[in-house]
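Chain residues, written in single-letter form:
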Amino acid sequence: FAPLHVSKNSRECLVKSAFRKHAMKNTGKKDKNSLKESQEVICEKLREVTGARLFEPEPAKKGNSNTGENLKLITKYPQKTASILDCSEELLFVMHEILGMLESTKQQNVSQMAILTERAFFLFTEDFGEYSQMSPSMHRALQHSVEFMIDYQDQGFAIGELSETAQEAINAPTKKDVSFYSYRGSHSAQNLGCFIRNWMTSDPCVLEYAE
């Protein structure tokens, strides 16, 4: 389920949706220039009221300043940030509750999660549906976290206990497979080649014969 990725990317989705809404309401379009201007305006205001540094390039880290802690400030203080993002305080408050439950290492109330995710989906559609699509990570949080939570808690552990170390550890070998071993003619053939190679080195049934 990758709870830390889902948490970070869901909050980022809220901010990017605000960029699109601001651009459309102020310029009537969502092209590169108008989105960039909206991003600068909104990020500056967010930094003033919360201290959050967002979408600032950090070449040394090969990314930007959108860390989990910076993004968490956006939903932690909905009374300060809702007017800047042009959305309801309730949406930010509910998202903070949902993502906190997903990050927790304690088992959660599944019925409460179901109510919160349904409400958040409705509020996002009301506030941003006309201007922006929901990201895959946010969709996963709001539409599938309950079924994941039920399955994992039935096995005795919480979603927040799931390590993403294995997911991160495979990045370097996958890049090597793409560069040296996969077919370069099409993305589908390339992905299939990487899948087969990873399957051969990770599938339990295959590894049983390799021991």
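For the structure itself, consult the block above.
Residues numbered from 1 in each chain as written. Predicted model: local features only at pLDDT ≥ 70, side-chain atom pairs only at ≥ 80, totals over all residues. Heavy atoms only, no water.

Asks: Explain unusual backbone geometry to me, using residue names and the numbers behind them.
Replies: Note on backbone geometry: most residues besides glycine have negative phi, and most peptide bonds are trans. Of note in the backbone geometry, A2 takes a positive phi value of approximately 55° without being a glycine. Here A2 falls in the buried class, since its relative accessible area comes to 10%. Even without a glycine there, the phi angle at D86 is positive, about 60°. Looking at where D86 falls in the secondary structure, it is placed in the loop between α4 (78-85) and α5 (89-103). Judged by relative accessible area, which is 30%, D86 ranks as partly exposed. (Buried < 20%, exposed > 50% of the residue type's maximum accessible area, 1.4 Å probe, protein only. Helix = DSSP H or I, 4+ residues; strand = E, 2+ residues; numbered from the N terminus.)

Asks: I'd like a description of the packing of aromatic side chains, backed by residues and values.
Replies: Evaluated as defined, the whole model comprises five aromatic pairs. Connected via pairs of aromatic rings, a cluster forms that spans F1, F148, Y152 and F157. The ring of Y77 carries the charged tip of K80 above its face, separated from the ring centre by 5.0 Å. Lying across the ring of Y181, R197 places its NZ or CZ 3.8 Å from the centre. (Phe/Tyr/Trp six-rings, centres within 6.5 Å; stacked < 30°, edge-to-face > 60°. Lys NZ or Arg CZ within 6 Å of the ring centre and 35° of its normal.)

These figures come from the coordinates and say nothing about function on their own.
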